[in-house]
Every structure is written in C-alpha cells, then in structure tokens.
Amino acid sequence: MSAKPVSSGGKLRLTDSNKALMEATAAAVGGVVSTVLFYPLDTAKTRYQLSQKEVFIDKNARTDAGTLSILLSIVRREGVWALYRGVHL
C-alpha cells in the first residue's frame, strides 16, 4: 500500500495513514506549545499561593505582586529555566 497522497481532479486527498500521522503530529506540537506557554503561569500561581502562607521561604517576596511581576522576579533571581523546573519530558 502506498502512503502517498491521492490526486483527484487536481486536488490532493490524504490517505488514512497520512491523516493519522498529521493528527498525531498536531497533537504533539499542541502539547509542546501548551507546556511552553502555560507552565510558567502555573509556576507563578504556585509561588503566589505559597507567598500567602507562612511556609514560604522568601520573606522578602511581595504578597501583592501580579503574575508578570512574579514571573520577572523568578527570571531575575533564578534564571529562565526556573520557570520550567519540574517539567517532565
């Protein structure tokens, strides 16, 4: 069986195996993009929640800081990769 696209009337039509491959690739890319964009926001949320409790280690952290302020603080103090600490690949 051939995995090449089938031509019908000048238009390309995907075979079932190509369609499945495209869908799997789209799902994988979507997962990577989602992790890259949203994991730092989850990190900021966690840091904010911890800053509201007594157990937070950094006593100098502002408790009224916004998301962007928290993200910038993490990057300045710990580096960009701290935003992704704990991501499992």
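Draft legend 1. The overall build of the chain, seen in detail. Within the chain one finds two helices and two strands. For the chain, the sequential pattern of α-helices and β-strands runs β-β-α-α. Across the 89 residues in the chain, those meeting the buried criterion constitute 15%. Put simply, of all contacts in the chain between residues at least 6 apart along the chain, 43% involve residues at least 24 apart. Surface summary for the chain: the accessible area is close to 7300 Å², and the carbon and sulfur share equals 63%.

Draft legend 2. Representation of the nonpolar core in the model. Formed by A44, A65, I70, L71, I74, A82 and L83, the largest nonpolar core amounts to seven residues. Top contributing element to this core by residue count: helix α2 (residues 67-78), with three residues. In this view, I74 contacts T43, R47, G79, A82 and L83; residues no more than four positions away in its chain are not counted.

Draft legend 3. Representation of the confidence of the model for the chain. Of the residues in the chain, 73% have a pLDDT of 70 or more, and the chain-wide mean is 81. The spread of mean pLDDT over the elements of the chain runs between strand β1 (residues 6-8), the lowest at 57, and α2, the highest at 92.

Draft legend 4. Examining a nonpolar patch on the surface more closely. On the surface, V29, V32, V33, V36, L37, F38 and L41 cluster together into a nonpolar patch covering about 620 Å² of accessible area. Inspection of the secondary structure assignment puts F38 in helix α1 (residues 16-51). Taking the relative accessible area as the measure of exposure, F38 reaches 52% and is therefore exposed.

Draft legend 5. Representation of the pattern of salt bridges within the structure. Per the stated rule, a full pass over the model turns up three salt bridges. Between D42 and K45 there is a salt bridge, with the nearest N and O atoms lying 3.4 Å from each other. A residue pair is termed a helical-turn pair when its members lie 3 or 4 positions apart in one helix, as D42 and K45 do in helix α1 at three residues. For K45, a relative accessible area of 41% puts it in the partly exposed group. Here R47 ties to E78 by a salt bridge, and the two come within 2.9 Å at their closest N and O atoms. Residue R47 is found in helix α1, and its partner E78 is found in helix α2; the two are separated by 31 residues along the sequence. The class for R47 is partly exposed, based on a relative accessible area of 22%. On the basis of relative accessibility, which here comes to 37%, the residue E78 falls in the partly exposed class. One salt-bridge network, held together by shared partners, links R47, E78 and R85.

Draft legend 6. Seen up close, the packing of α1 against α2. α2 packs onto α1 with a crossing angle of 95° between their chain directions and a minimal axis gap of 9 Å. Considering the angle they form, α1 stands roughly perpendicular to α2. Facing α1, whose interface residues are P40, L41, T43, A44, R47 and Y48, α2 presents T67, I70, L71, I74 and E78. In the contact of α1 with α2, the residues fall into seven nonpolar, two polar and two charged.

Criteria and cut-off values
Residues numbered from 1 in each chain as written. Predicted model: local features only at pLDDT ≥ 70, side-chain atom pairs only at ≥ 80, totals over all residues. Heavy atoms only, no water. Helix = DSSP H or I, 4+ residues; strand = E, 2+ residues; numbered from the N terminus. Buried < 20%, exposed > 50% of the residue type's maximum accessible area, 1.4 Å probe, protein only. Contact = heavy atoms within 4.5 Å. Areas by Shrake-Rupley, 256 points an atom, 1.4 Å probe, with all protein chains shown as cover. Core = buried A, V, L, I, M, F, W, Y, C linked by side-chain atoms within 4.5 Å. pLDDT = per-residue confidence, 0-100. Patch = residues over 30% accessible without salt bridge, like charges linked within 9 Å, V, L, I, M, F, W, Y side chains within 5 Å. Salt bridge = Lys/Arg side-chain N within 4 Å of Asp/Glu carboxyl O. Axes fitted to C-alpha atoms, helices over the stretch in contact; angles between N-to-C directions. Parallel < 35°, antiparallel > 145°, perpendicular 65-115°, else oblique. Nonpolar A, V, L, I, M, F, W, Y, C, P; charged D, E, K, R; others polar.

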